[in-house]
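An overview of the molecular structure
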Amino acid sequence: EPEVTQTPSHQVTQMGQEVILRCVPISNHLYFYWYRQILGQKVEFLVSFYNNEISEKSEIFDDQFSVERPDGSNFTLKIRSTKLEDSAMYFCASSDIGQPNSPLHFGNGTRLTVT
Amino acid sequence: AQSVSQHNHHVILSEAASLELGCNYSYGGTVNLFWYVQYPGQHLQLLLKYFSGDPLVKGIKGFEAEFIKSKFSFNLRKPSVQWSDTAEYFCAVNRDTGGFKTIFGAGTRLFVKA
């Protein structure tokens, strides 16, 4: 079964540094998402992306965050200047048609630790 | 604000016990409902979903869920759990308006004792 792949699996960075989290969605999927889960808390929606632009974003997704689809396969999340509270598990997801008609396919996540 | 509530954060059961995990949501209007499962060390994966029709939905691995519109609930059930069901279970909701945002509950960690 096709999978969403995320790299790296674990990223440690210092406060104030920029990080880029990478995702390769399922190849024929058109809708892409980032979610995060702070340890012990709920899975939170960050952003959705379709047709090379952001479709919807949450209040968490402020100016420090950006997403990009630099080529036909990768989908990245950039955090410009990390804060301690950005430490979380970040999940990429994709779906083949727009919600609500298609469930999300998730990657294994990237654990981001900001020190 | 729109939200999804899961009643239990941790559940411990013995094998063969019955399982029911509660989920309530606060959206008005038409919604689409999901249960996702995350086994230890694995990614979130779809367990079952409800869009319309029969409110009793059957998913993989013997799980089922019932949508009760009047109670804004979508509880997950399994008659007899196995050790391999040990995982974290997430209820999720999105609105049937073409929006792209799925809202997740906080999750319920299920531990099944062999």
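Right above here is the structure, for reference.
The paragraphs below set out a description of the structure included in this document. Bear in mind the structure is a predicted one, so any value in this text is a computation, not a measurement. (Residues numbered from 1 in each chain as written. Chains lettered and ligands numbered in written order. Predicted model: local features only at pLDDT ≥ 70, side-chain atom pairs only at ≥ 80, totals over all residues. Heavy atoms only, no water.)

Comments concerning the pairing of strand β10 (residues 87–95) of chain B
Residue and element names in this part refer to chain B. Note the following rule: Think of it in three bands: residues with accessible area under 20% of the maximum for their type are buried, residues over 50% are exposed, and the middle band is partly exposed, with areas taken using a 1.4 Å probe on protein chains only. Starting at the N terminus, helices and strands are each numbered in turn, a helix being any DSSP run of H or I of at least four residues and a strand any DSSP run of E of at least two. In this analysis, strands are considered paired if DSSP registers two or more bridges between them.
Across the nine residues of β10, eight count as buried, placing the element largely inside the fold. Both β10 and strand β11 (residues 103–104) contribute to a ladder of two bridges, which runs antiparallel. Bridge pairing in β11 links V93 to I103.

So, the sheet that holds strand β1 (residues 5–7) of chain A
Residues and elements named next belong to chain A. To keep it simple, the criterion reads: To define axes, lines are fitted to C-alpha atoms, for helices over the stretch in contact only, and angles between the resulting N-to-C directions are given on a 0 to 180 degree scale.
Taken together, four strands build an open sheet; the order of strands is β1-β3-β8-β7 and the sheet is antiparallel. Looking along the sheet, the strands with just one partner apiece sit at the ends: β1 and β7 (65–68). Each neighbouring strand pair of the sheet contributes to a mean axis angle of 20 degrees, computed without reference to strand direction. Note: strand β3 (residues 19–24) against strand β8 (residues 75–79), five bridges, orientation antiparallel. Across the sheet, residue I20 finds its bridge partner in β8, namely K78.

Points about the environment of M89(A)
Residue and element names in this part refer to chain A. To be explicit about the condition: Contacts are assigned to residue pairs that have any heavy atoms within 4.5 Å of one another.
Note on placement: M89 falls in strand β9 (residues 88–95). Taking the relative accessible area as the measure of exposure, M89 reaches 15% and is therefore buried. It is 17 Å that separates the C-alpha atoms of M89 and Q64, two residues lying 25 residues apart in sequence. The residues touching M89, leaving out its near neighbours within four places in the chain, are Y35, R36, Q37, N108, G109, T110 and R111.

Topic: the pattern of salt bridges
Residue and element names in this part refer to chain B. Stated formally: Each reported salt bridge corresponds to a side-chain nitrogen of Lys or Arg within 4 Å of a carboxyl oxygen of Asp or Glu.
Scanning the entire structure with this criterion turns up seven salt bridges over all chains. Across the salt bridge formed by R77 and E64, the nearest N and O atoms sit 3.5 Å from each other. On the criterion of sequence distance, the pair formed by R77 in strand β9 (residues 73–78) and E64 in strand β8 (residues 64–68) is long-range, its members being 13 residues apart.

Focus: unusual backbone geometry
In this model, T7(A) is joined to P8(A) through a cis peptide bond whose omega is -10 degrees. Phi is positive for A16(B), close to 80 degrees, though the residue is something other than glycine. Structurally, A16(B) is set in the loop between β2 (10–14) and β3 (19–21).

Some details on the pairing of β3(A)
Residue and element names in this part refer to chain A. Covered by surrounding structure in β3 are V19, L21 and C23 only, the residues I20, R22 and V24 on the alternate face being uncovered. Bridge count between β1 and β3: three bridges; the pairing is antiparallel. The residue of β3 that forms the bridge with T7 is R22.

Observations concerning the state of the cysteines
Residues and elements named next belong to chain A. Short version of the rule: The criterion for a disulfide is a pair of cysteine sulfur atoms lying within 2.5 Å.
Considering all chains together, one arrives at two disulfides over all chains under this definition. At a sulfur-sulfur separation of 1.9 Å, the disulfide partner of C23 is C92. Of note, the bridge from C23 to C92 carries an S-S torsion of about -65 degrees and is left-handed in sense. Taken together, the positions of C23 in strand β3 and C92 in strand β9 put the pair 69 residues apart, joining distant regions of the chain.

Thoughts on the interface of chain B and chain A
Put simply, the rule is: In this description, buried area is defined as the sum, over both parts, of the accessible area (probe of 1.4 Å) that is lost when the two are combined. Residues are grouped as follows: nonpolar covers Ala, Val, Leu, Ile, Met, Phe, Trp, Tyr, Cys and Pro; charged covers Asp, Glu, Lys and Arg; every other residue, Gly included, is treated as polar.
Contacts between chain B and chain A engage 23 residues on the former and 22 residues on the latter. For the pairing of chain B and chain A, the buried interface totals around 2,000 Å² over both sides, and the portion due to carbon and sulfur atoms is 58%. Within the residue set of the side of chain B that touches chain A, elements represented by two or more residues are β5 (31–38), β6 (45–50) and β10 of chain B. Of the residues in the side of chain B that touches chain A, the class split is ten nonpolar, nine polar and four charged.

Points about the layout of surface pockets
For the record, the criterion: Cavities and pockets are defined on a 1 Å grid built over the protein atoms alone: a cavity is a set of grid points where a 1.4 Å probe fits but cannot escape, while a pocket is an open set with protein on both sides within 12 Å along at least five of seven lines, and lining residues are those with an atom within 4 Å of any such point. Grid points are joined across faces, edges and corners, and a volume is the space filled by probe spheres set on the points.
Estimates place the volume of the largest pocket at around 510 Å³. Lining the largest pocket are 26 residues, and of these Q37(A), L39(A), Q38(B), E88(B) and R109(B) sit closest to its centre. Elements with a minimum of two residues in the lining of the largest pocket: β9 of chain A together with β2, β10 and β12 (108–113) of chain B. Tallied by class, the residues present in the lining of the largest pocket amount to twelve nonpolar, eleven polar and three charged.

Interpretation note: all reported values are geometric properties and have no functional meaning in isolation.
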